[in-house]
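# Notes for the structure review
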Amino acid sequence: MLFQRLIPSLLLKSGRLVKGVRYQGFRDAGNPRTTARAHNHQGADELIVVDIDASKNNCGPDVKTISTIAEECFMPLCVGGGIRDMVSAHACMEAGADKLCLTTSAMDSPKLIAELAHRFGSQAIVVGIDVAYDETGTARLFDHRSGRIITNLDLWKYVEHVVKLGAGEIRLMAVDREGTLLGYDMSLFARIKELVDIPIILEGGAGSLHHLQEAFEAGVDGIASGAMLVFSDAKLVKIKKHMITNRCNIRD
């Protein structure tokens, strides 16, 4: 059995790391290079870095900062934000990325998933699925650029479609819980897990060791955490010790 992964999730904005709540109210969260170095030293299994300016401003990713982060990483680096074509994808890979995460760009141009999977291999293509709930409680895709729910794409059919196109992994974000520290949306994970047979990284809401343990015990392939690692004393070393003590399938 493959090890389940602990993955710090970093949001990049204007060359700095930031963290907010439900993709709003961003606060400074540190220097990208030194933060990546700390996570690497503490044994992160992977690192996710998303340039939140790139898609919103319709520009390419900040490859200069990505390169400085990559210099500190001796674990896989997944990069997202602003990857709209083969040129921007190559730029990220040349800057040191091991994986590419497509979120809004995958919704805008699903064929890009297939093109990048053909070029780099499905194992290098992660599709971000941002999910929010409408006024009826129905799970919907969410576009962080506009801050709005998408009503003309069926969430469940979209998930199945991106897998058929060549996605090798899904990064599942519960937007309503992002940055809240209230716990992961485990029912959402369970529904997505029924639909696909590729690894799922769960993100959005981690606030305690119990939340992380619950996700691992439910069979999540990887758990991504942002606010918990920034604004609490639960660093990776402490998290790993707890999970190993409770017999979770993580790397020592």
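Procedures and definitions
Residues numbered from 1 in each chain as written. Predicted model: local features only at pLDDT ≥ 70, side-chain atom pairs only at ≥ 80, totals over all residues. Heavy atoms only, no water. Helix = DSSP H or I, 4+ residues; strand = E, 2+ residues; numbered from the N terminus. Rg over C-alpha atoms; globule rule 2.2 N^0.38 Å. Buried < 20%, exposed > 50% of the residue type's maximum accessible area, 1.4 Å probe, protein only. Arc of directions from axis to C-beta. Contact = heavy atoms within 4.5 Å. Salt bridge = Lys/Arg side-chain N within 4 Å of Asp/Glu carboxyl O. Phe/Tyr/Trp six-rings, centres within 6.5 Å; stacked < 30°, edge-to-face > 60°. Lys NZ or Arg CZ within 6 Å of the ring centre and 35° of its normal. Pairing = 2+ DSSP bridges. Axes fitted to C-alpha atoms, helices over the stretch in contact; angles between N-to-C directions. Parallel < 35°, antiparallel > 145°, perpendicular 65-115°, else oblique. Left-handed = near helix turned anticlockwise from the far one by under 90°. Nonpolar A, V, L, I, M, F, W, Y, C, P; charged D, E, K, R; others polar. Core = buried A, V, L, I, M, F, W, Y, C linked by side-chain atoms within 4.5 Å.

### Considerations on the overall build of the protein chain
What the protein chain contains, in helices and strands, is 11 helices and 12 strands. The C-alpha radius of gyration of the protein chain comes to 17 Å, within 12% of the 18 Å expected for a compact globule of 252 residues. Overall size of the protein chain, expressed as C-alpha extent along the three principal axes, is 45 × 40 × 40 Å. Taken across its 252 residues, the protein chain has 56% of its residues classed as buried.

### Structural notes on helix α11 (residues 236-245)
Within α11, burial applies to L236, I239, K240 and M243. The arc that holds the buried residues of α11, viewed along the axis, is 95 degrees, so those residues lie on one side. Residues of α11 that are exposed and point over 90 degrees away from its buried face: V237, K241 and T245. In the core, the buried residues of α11 are packed alongside β1 (5-13), α1 (32-41), α9 (209-217) and α10 (227-231). Just downstream of α11, R247 is the residue with a positive phi angle, here 60 degrees.

### Overview of the pattern of salt bridges
Going through the model one piece at a time under the given rule, you end up with 15 salt bridges. A salt bridge links K13 to D53, with the nearest nitrogen and oxygen atoms 3.1 Å apart. You can see K13 sitting in strand β1 and its partner D53 sitting in helix α2 (residues 52-56), a full 40 residues away along the chain. Since its relative accessible area comes to 32%, K13 is described here as partly exposed. Given a relative accessible area of 15%, D53 falls into the buried group. When salt bridges with common partners are traced through the structure, they connect R5, E46, K99 and E169 into a single cluster.

### Some points on the packing of aromatic side chains
Under the criterion given, the structure shown has one aromatic pair. Taking the ring centre of W156 as reference, the NZ or CZ of R191 above it sits at 4.0 Å.

### So, the pairing of strand β3 (residues 24-30)
Pairing of strand β2 (residues 16-21) with β3, which is carried by four bridges, proceeds in the antiparallel orientation. By the bridge assignment, L17 is partnered in β3 with G30. The hairpin turn running from β2 into β3, its antiparallel successor, is two residues long, and R22 in that turn takes a positive phi close to 55 degrees.

### Concerning the packing of helix α7 (residues 155-165) against helix α8 (residues 186-195)
Close contact between α7 and α8 brings their axes to 10 Å; oriented N to C, the two are set at 45 degrees. For the element pair α7 / α8, the angle class is oblique. Between α7 and α8 lies a crossing whose hand is right-handed. Facing W156, V159 and E160 of α7, the residues of α8 in contact are L188, R191, I192 and L195. Residue composition of the contact of α7 with α8, grouped by class: five nonpolar, no polar and two charged.

### Thoughts on the nonpolar core
Counting 71 residues, the largest nonpolar core has L47, L77, L100, L116, I129 and L172 as its most contacted members. With sequence-adjacent residues up to four places away left out, L47 is seen in contact with I7, P8, L10, A36, H39, I69, C73, M75, P76, L77 and C78.

### Quick word on the packing of helix α4 (residues 86-94) against helix α6 (residues 111-120)
The description of two packed helices rests on the angle between their axes and on the distance between the axes. Interhelical geometry of α4 versus α6 gives an angle of 40 degrees and a closest axis separation of 11 Å. When the axis of α4 is compared with that of α6, the two are oblique. Relative to α6, the crossing made by α4 is right-handed. Between α4, through M86, A89, H90 and M93, and α6, the contact on the second element is made entirely by E115, L116, R119 and F120. Of the residues in the contact of α4 with α6, the class split is five nonpolar, one polar and two charged.

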